[in-house]
Amino acid sequence: KRTLTPYDHTHSVLGYCSIGLLSSILGELAAGVYRVPMDLVKQRQQAGHGQNLGDIARGVRSTHSSVFFASYMASFMRDIMHSSLQFPMYEYLKLALARWKRASREEGLPTWQAAS
């Protein structure tokens, strides 16, 4: 007699690559908290909106929150497209290389082979 069991996504290629997708999205969210204010400082410095870094930093601190939100959304949308393709593709190619080299799934590839 056969019983129905739920599909185990951890052993599928899609499940394996989706871990990379989710981690890349969370990583971009976390990095954006630091990156967006630094980009605003850099843009204002290039545009000449202050004499020194202190003037520019005070100007960024007094920036309205809607500007931060718009900058964050633009940066997030740009970076998420890149990393949502890059990290799952890297994980898939790493898995394909491990299968080609006949490494076990639990073992995986050594870091030096995955990076080369």
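The residue numbers shown here count from 1 along each chain, following its written sequence. The predicted nature of this model means local features are confined to residues of pLDDT at least 70 and side-chain atom pairs, given and counted, to a pLDDT of 80 or more, with totals for whole chains, interfaces and linings taken over all residues. Note that the side-chain values use all heavy atoms of the structure and ignore hydrogens as well as water.

On to the overall build of the protein, then. Each helix corresponds to a stretch of at least 4 residues labelled H or I by DSSP, and each strand to a stretch of at least 2 residues labelled E; elements are numbered beginning at the N terminus. Within the protein one finds four helices and zero strands. When the helices and strands of the protein are placed in sequence order, the string is α-α-α-α. The buried label applies to any residue whose accessible area, calculated with a 1.4 Å probe on protein chains only, is under 20% of its type's maximum; exposed applies above 50%, and partly exposed to all values in between. Considering the protein as a whole, with its 116 residues, one finds that 23% of them fall into the buried category. Put simply, of all contacts in the protein between residues at least 6 apart along the chain, 66% involve residues at least 24 apart. Two residues form a contact once any of their heavy atoms are found within 4.5 Å.

Turning our eyes to something else, we now look at the environment of glycine 59. Note on placement: glycine 59 falls in helix 2 (residues 53–61). Sequence spacing of glycine 59 and valine 41 is 18 residues, and the spatial spacing of their C-alpha atoms is 8.7 Å.

A few words now on the packing of aromatic side chains. Each aromatic ring pair is characterised by the separation of its centres together with the angle its planes make. By convention, a stacked pair of Phe, Tyr or Trp rings (six-membered ring in the case of Trp) has centres within 6.5 Å and planes under 30 degrees apart, an edge-to-face pair has planes over 60 apart, and any other such pair is tilted. A full pass over the atoms with the stated rule returns one aromatic pair. Aromatic pair tyrosine 72 and phenylalanine 76: ring centres 6.4 Å apart, planes at 10°, arrangement stacked. Placement of both tyrosine 72 and phenylalanine 76 in helix 3 (residues 65–100) is noted, with a separation of four residues, approximately one turn of the helix. Residues tyrosine 72 and phenylalanine 76 agree in their burial class; the two are buried.

For salt bridges, the criterion is a side-chain nitrogen of Lys or Arg within 4 Å of an Asp or Glu carboxyl oxygen. For the structure on display, the rule yields five salt bridges. Arginine 35 is the partner of aspartate 79 in a salt bridge, and the nearest nitrogen-oxygen pair spans 2.4 Å. Of this pair, aspartate 79 sits in helix 3 while arginine 35 is found in helix 1 (residues 13–47), placing the two residues 44 residues apart along the sequence. Of the residues examined, aspartate 79 reaches a relative accessible area of 13% and is grouped as buried. When the shortest N-O distance is used, the salt bridge between lysine 42 and aspartate 39 registers 3.8 Å. A residue pair is termed a helical-turn pair when its members lie 3 or 4 positions apart in one helix, as lysine 42 and aspartate 39 do in helix 1 at three residues. Several salt bridges share partner residues, and in doing so they unite Glu28, Arg35, Arg78 and Asp79 into one network.

When the terminal C-alpha atoms of helix 3 are compared, their 51 Å separation across 36 residues agrees well with the 52 Å that a helix rising 1.5 Å per residue should span. To get the bend at any residue, fit one axis to the seven residues that end at it and another to the seven that begin at it, then take the angle between the two axes. Considering bend angle alone, the principal kink of helix 3 is centred on isoleucine 80 and spans about 25°. Burial in helix 3 covers these residues: Tyr72, Ser75, Phe76, Asp79, Ile80, Ser83, Pro88, Glu91, Leu95 and Ala98. Of the residues flanking the end of helix 3, it is arginine 102, one or two places downstream, whose phi is positive at about 60°. Expected helix span is taken as 1.5 Å per residue step, with the number of steps being one fewer than the number of residues.

With respect to the element layout, threonine 63 can be found in the loop between helix 2 and helix 3. At 2.8 Å, the side chain of threonine 63 and the side chain of arginine 44 are in polar contact. Each polar contact in these results corresponds to two N or O atoms within 3.5 Å; when the atoms are within protein, one needs to be able to donate a hydrogen and the other to accept it, and residues that are neighboring in sequence are counted only if both atoms are side-chain atoms. Looking at threonine 63, its side chain comes within polar contact range of the main-chain oxygen of valine 60, at 3.0 Å.

The analysis is restricted to geometry; functional conclusions fall outside its scope.
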